[in-house]
Amino acid sequence: MPGTASAGTEAPYPPSQPRTPRLTRLVEEVRAALRARPGASAEEAGREVAAALAPHLGRAGLLTPDQQEADPGGYKQHVLHVEADGSFSVVALVWLPGQRTPVHDHVCWCVVGIHEGAEEETVYRLSGDPEQRHLLAVDTTTSGVGAVAALAPPGDIHDVRSTAAGRTVSLHVYGADIGRLGTSIRRVYELPVRQAEDPSGHQSNSVGK
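Residues numbered from 1 in each chain as written. Predicted model: local features only at pLDDT ≥ 70, side-chain atom pairs only at ≥ 80, totals over all residues. Heavy atoms only, no water.

Attention now goes to the layout of surface pockets. Here the largest pocket is characterised by a volume of approximately 500 Å³. Lining of the largest pocket is provided by 31 residues; of these, Val 112, Glu 121, Leu 151, His 158 and Val 160 occupy positions nearest its centre. Sorting the residues of the lining of the largest pocket by element identifies strand S2 (89-95), strand S3 (104-106), strand S4 (110-116), strand S5 (119-127), strand S6 (134-143), strand S7 (148-151), strand S8 (158-162) and strand S9 (168-174) as the ones contributing at least two each. No other element matches the four residues that S7 contributes to the lining of the largest pocket. Split by residue class, the lining of the largest pocket holds 17 nonpolar, 11 polar and three charged. (1 Å grid on protein atoms, 1.4 Å probe; cavity = no way out; pocket = protein on both sides within 12 Å on 5 of 7 lines; lining within 4 Å. Points joined across faces, edges and corners; volume = space filled by probe spheres on them. Helix = DSSP H or I, 4+ residues; strand = E, 2+ residues; numbered from the N terminus. Nonpolar A, V, L, I, M, F, W, Y, C, P; charged D, E, K, R; others polar.)

Think of an α-helix as 3.6 residues a turn; residues three or four steps apart then line up on the same face. Spanning 12 residues, helix H2 (residues 42-53) covers 16 Å between terminal C-alpha atoms, matching the ideal 16 Å at 1.5 Å per step. Along H2, the residues classified as buried are Ala 42, Ala 45, Gly 46, Val 49, Ala 50, Ala 52 and Leu 53. Burial along H2 is one-sided: seen end-on, the buried residues are contained in an arc of 160°. For H2, exposure combined with an orientation more than 90 degrees from the buried face picks out Arg 47 and Ala 51. (Expected span 1.5 Å × (residues − 1). Buried < 20%, exposed > 50% of the residue type's maximum accessible area, 1.4 Å probe, protein only. Arc of directions from axis to C-beta.)

Judged by nonpolar contacts, the single largest core of 25 residues is most densely connected at Val 30, Val 90, Trp 109 and Leu 171. Of all elements in the fold, only helix H1 (21-35), H2, S2 and S9 reach the threshold of two or more residues within this core. In terms of residues, this core owes the most to one element, H2, which gives six residues. Grouped together as the second largest cluster of nonpolar side chains are 13 residues, Val 79, Val 91, Trp 95 and Tyr 174 included. (Core = buried A, V, L, I, M, F, W, Y, C linked by side-chain atoms within 4.5 Å.)

A few words on H1. Taking 1.5 Å per residue, 15 residues should reach 21 Å; H1 reaches 21 Å between its end C-alpha atoms and fits that length. Along H1, the residues classified as buried are Arg 22, Leu 23, Leu 26, Val 27, Val 30, Arg 31, Ala 33 and Leu 34. Where H1 is buried, its residues contact H2, strand S1 (76-82), S2 and S9. (Contact = heavy atoms within 4.5 Å.)

If you want it as structure tokens, here you go:
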């Protein structure tokens, strides 16, 4: 079930990663939030986890320097914790200016919080018949430190890019074993993108994606 979590972990994962006291508290609070709602839907689990994550964002001592290391070749994932039963994972994504994801959706519910810097997210909707499939860009938002968002499939197609002048660090809690899966991405969408209709009924031309 989306809201199920184990009573505890056998050992921190990955074992080579140090655990700061604040990160330990975050993991414990996420676990407690999910244990308190064992039959929760994906949306409910996301709301509970978002409430647990928010107080830790932007606070000193959450991550070690190694857990905030960037990669000039693309945004970098650091797996910080995987629950022993695989019911949730905590991941840090680190971005340099302009780095972005492909358009994608997810294998599970996800809660995202901005710890440092800023991100721009564009949300898409799949549209068209099978011969003319395309994506409609329905919303774009920019989020800074402390912002938290929860999403769950279906309807979770998006892309994200860093908009900060310096490093961006976002914390992600996924309802899956990212240590085993390696990524939360279910599918990458390489389809034309169109803007959703504005209130006047006009629609922009499609652009390649």
